[in-house]
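# Observations on the three-dimensional arrangement
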Amino acid sequence: MALPKDPFMLLSYINTQLRDNFSSLSELAKSLGEDEEQIRTTLAGAGFIYDEGLNRFVTKE
């Protein structure tokens, strides 16, 4: 499955996967064969950062 191109759809997909199936962004990216930094960059451009403690993307403060 290709990741959604829309950053808000991507956010929803990634956070759902992190909540339900993966203990880290690295594990998720590796399983999808995707570049973790590209995911971070795309979501940062929409105003979100990865919070390792919460294991999800949250709004930049």
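Each remark here, short or long, concerns the structure printed above.
About the cut-offs
Residues numbered from 1 in each chain as written. Predicted model: local features only at pLDDT ≥ 70, side-chain atom pairs only at ≥ 80, totals over all residues. Heavy atoms only, no water. Buried < 20%, exposed > 50% of the residue type's maximum accessible area, 1.4 Å probe, protein only. Helix = DSSP H or I, 4+ residues; strand = E, 2+ residues; numbered from the N terminus. Pairing = 2+ DSSP bridges. Salt bridge = Lys/Arg side-chain N within 4 Å of Asp/Glu carboxyl O.

Burial along strand 1 (residues 48-51) is one-sided: Phe48 and Tyr50 are buried, while Ile49 and Asp51, pointing the other way, are not. Here strand 1 pairs with strand 2 (residues 56-59) via four bridges, running antiparallel. Bridge pairing in strand 2 places Phe48 opposite Thr59. Linking two consecutive strands that pair antiparallel, namely strand 1 and strand 2, is a turn of four residues; a positive phi of about 55° is found at Asn55 within it.

What follows covers the pattern of salt bridges. Under the criterion given, the structure shown has three salt bridges. We note a salt bridge from Arg19 to Asp20, for which the minimum N-O separation is 2.8 Å. Residue class for Asp20 comes out partly exposed when judged on its relative accessible area of 45%. For Glu36, the salt bridge is made with Arg40, and the minimal N-O distance between the two is 3.0 Å. In this pair, Glu36 and Arg40 are both assigned in helix 3 (residues 36-45), four residues apart and thus about one turn of the helix distant. When its relative accessible area of 22% is taken as the criterion, Arg40 is described as partly exposed. Sharing partners across several salt bridges, the network here consists of Glu36, Glu37 and Arg40.

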